[in-house]
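# Inside the fold
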Amino acid sequence: MTEYDSKGCHIVGYFSKVSVSARVTLLDANESVSLKEKHSLMNYNLSCILTLPHQMKKGFGRMLIDFSYNLSKIENRIGSPEKPLSDLGLISYRSYWTKVLMHYLADFEGKDISIKEISQETGIHLNDIISTFQYLGMVKYWKGKHIILRREDLIKEYSQHRVPESRKIDPTFIHWVPAKPKEDG
């Protein structure tokens, strides 16, 4: 990923995903993302993420994570990063998953909710949703099923502190077709 200014393009970060070629330019921010990657045998949506040290804490890591999930949605796949995650990777992903899940729950108007439906709508793997809800104290295992506890206090706190992201991928501007797997023979 590069950031563009009057002096040209400057590398800010990188990620490695499943056989993909893509380029996206954000209209409101002079940034672009380009990638070409290898195929993941384990079907991870992200194998490696790197934000250069001098660019950390500027939202680029979250933007790369969000971009990988947007690509997975285009592929009609549920995504999860390659495990095990580093300590910093877990913090970054848990923060991303929490934000997406709290946003989803804050906007959810139905009575019954299922983790499978959340997974299909967000593109986040079931295990990542469950582990995030467990971390937040919002899930209970009962009669062989995971039950989501709608913690209005957490959802309200999230909603009150919700701020627009300064760096966000608009999926309508992603022009990309997933690579077709090569057939053996």
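Everything in this summary refers to the structure shown in the same document. Predicted model only: the values in this text are computed from it and were never measured. (Residues numbered from 1 in each chain as written. Predicted model: local features only at pLDDT ≥ 70, side-chain atom pairs only at ≥ 80, totals over all residues. Heavy atoms only, no water.)

## Brief notes about helix 4 (residues 126-135)
Operational definition: Only protein chains enter the calculation, and the probe is 1.4 Å; a residue is then buried if its accessible area is under 20% of its type maximum, exposed if over 50%, and partly exposed in between. Here a helix means four or more residues in a row that DSSP labels H or I, a strand means two or more in a row labelled E, and each is numbered from the N terminus. Contacts are assigned to residue pairs with any non-hydrogen atoms lying within 4.5 Å of each other.
Listing the buried residues of helix 4 in full gives Asp128, Ile129, Ile130, Thr132 and Phe133. Close packing links the buried residues of helix 4 with helix 1 (60-74), helix 2 (87-107), helix 3 (115-122), strand 7 (139-142) and strand 8 (145-148). Backbone geometry just downstream of helix 4 places glycine 137 in the positive-phi region, at approximately 70°.

## Thoughts on the nonpolar core
Using the following cut-off: What is meant by a nonpolar core is a set of buried Ala, Val, Leu, Ile, Met, Phe, Trp, Tyr and Cys residues, joined one to another through side-chain atoms within 4.5 Å.
Judged by nonpolar contacts, the single largest core of 35 residues is most densely connected at Tyr69, Met102, Leu105, Ile118, Ile129, Phe133 and Met138. Of all elements in the fold, only helix 1, helix 2, helix 3, helix 4 and helix 5 (152-160) reach the threshold of two or more residues within this core. Residues in contact with leucine 105, not counting those within four places in the same chain, are Ile113, Phe133, Met138, Arg150 and Ile155.

## Some points on the pattern of salt bridges
Test applied: A pair is scored as a salt bridge if a Lys or Arg side-chain nitrogen falls within 4 Å of a carboxyl oxygen belonging to Asp or Glu.
Inspection of the entire model under this criterion finds 4 salt bridges. With its nearest N and O atoms 3.2 Å apart, the salt bridge here joins glutamate 75 to arginine 77. Judged on exposure class, the residue glutamate 75 and its partner arginine 77 are both buried.

## Examining the packing of aromatic side chains
Our working rule: Here the aromatic set is Phe, Tyr and Trp, taking the six-membered ring for Trp, and pairing holds for ring centres within 6.5 Å; pairs whose planes are under 30 degrees apart are stacked, those over 60 apart are edge-to-face, and all others are tilted.
Counted according to the given criterion, the structure contains 4 aromatic pairs. Taken together, a centroid distance of 5.4 Å and an interplanar angle of 15° make the contact between tyrosine 69 and tyrosine 96 stacked. Here the residue tyrosine 69 occupies a position in helix 1, and tyrosine 96 occupies one in helix 2, the gap between them amounting to 27 residues. Accessibility assignment for this pair places tyrosine 69 and tyrosine 96 in one class, buried. Taking the centre distance of 6.0 Å and the plane angle of 20° together, the rings of tyrosine 104 and phenylalanine 108 count as stacked. Using a relative accessible area of 12% as the deciding quantity, one classes tyrosine 104 as buried. Phenylalanine 108 sits in the buried class, given a relative accessible area of 19%.

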